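Each chain, letter by letter, is given below.
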Amino acid sequence: MARILIIEDEEHLARGLQFNLEAEGHEVDIEESGRGGAERLERDARAWDLVILDLMLPGMSGFEVARRARAAGNLTPILILTAMDATRDLVRGLEEGADDYLTKPFELDELLARVRGLLRRRRWDGADAAADAEPRSEIRIGDATVRFDRFEIETQAGTVSLTTREAGLLRALLARDGDAVTRGELLEEVWGLRPDTRTRVVDNFVVRLRRYLEPNPSRPKHIVSVRGHGYRLVR
Ligand code: CA
């Protein structure tokens with residue numbers, strides 16, 4: 001069971017999502033305005049386990065809501081809803097701090113899969129383990145241990161949970177076995193975007209992974225930039 005906040009002004013869509021998520025056992029709140037949503041996220045960083053955020057909202061856009069939540073230190077996973085073919089929007093949403101996206105119209109199964117993916121970021125508990133467990137797999141990167149079965153990285157500083165895309169990016173880097181990979185390849189493989197999409201999404205997510213993995217994130221020695229090319233991972 002998770003607590004989910006839906007920020008969406010289309011009432012029938014919001015109610016439909018609420019109905020289906022409640023049927024999955026979640027507790028769901030709806031906020032119709034961007035401003036109201038931003039205020040709730042600023043007021044309480046821990047009230048929800050997941051935010052489903054429409055980008056097209058009257059008054060204050062979903063971009064602004066995401067930016068204000070992150071600026072206030074609210075790190076709740078955010079799933080953005082965008083119109084079909086609005087690649088620029090979803091890229092901007094990811095740059096403002098959203099974790100994943102879904103383009104409208106979407107299938108219910110697809111939504112529920114994304115929700116499950118983002119909720120893995122929460123503290124692991126046994127109830128969810130059976131449904132989503134992968135074969136146990138541990139990989140050492142420097143002093144950190146990555147546990148893909150739990151979507152966690154264990155470091156001396158503690159345990160961090162990974163979202164689906166963060167884990168996907170790490171997997172894509174590991175799969176190269178130390179060889180460099182371009183931003184375009186990563187965009188396509190991890191985010192399903194065209195390789196020529198102009199965006200800083202890959203770089204932003206690399207910053208996050210470095211914060212988790214690197215003893216000194218400003219002088220990375222594991223996720224290394226390859227000038228004019230992309231990144232490579234040194235274990
Ligand atoms: Ca809308």
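Residues numbered from 1 in each chain as written. Predicted model: local features only at pLDDT ≥ 70, side-chain atom pairs only at ≥ 80, totals over all residues. Heavy atoms only, no water.

(A) Structural context of the pattern of salt bridges. Here the structure, examined in full by the defined rule, presents 22 salt bridges. The residue E10 makes a salt bridge to K104 at a minimum N-O spacing of 2.9 Å. Highlighted residues: E10 in the loop between β1 (3–7) and α1 (11–23) and K104 in strand β5 (residues 100–104), separated in sequence by 94 residues. Residue K104 is classed as buried on the basis of its relative accessible area of 17%. R194 is paired through a salt bridge with D196; the nearest N and O atoms lie 2.8 Å apart. Judged by relative accessible area, which is 57%, R194 ranks as exposed. Linked by salt bridges that have partners in common, E8, E10, D54 and K104 make up one network. (Salt bridge = Lys/Arg side-chain N within 4 Å of Asp/Glu carboxyl O. Helix = DSSP H or I, 4+ residues; strand = E, 2+ residues; numbered from the N terminus. Buried < 20%, exposed > 50% of the residue type's maximum accessible area, 1.4 Å probe, protein only.)

(B) View of the coordination of the calcium ion. Distances from the calcium ion to its protein donors, namely D9 (OD), D54 (OD) and M56 (O), fall within the range 2.1 to 2.3 Å. Along the chain, the residues donating to the calcium ion fall in the pattern D-x44-D-x1-M. Linking D9 in the loop between β1 and α1 with D54 in strand β3 (residues 50–54), this pair joins segments that are 45 residues apart in sequence. By relative accessible area, which is 2% here, D54 ends up buried. (Donors = N, O, S within 2.8 Å, 3.2 Å for Na, K, Ca; no water.)

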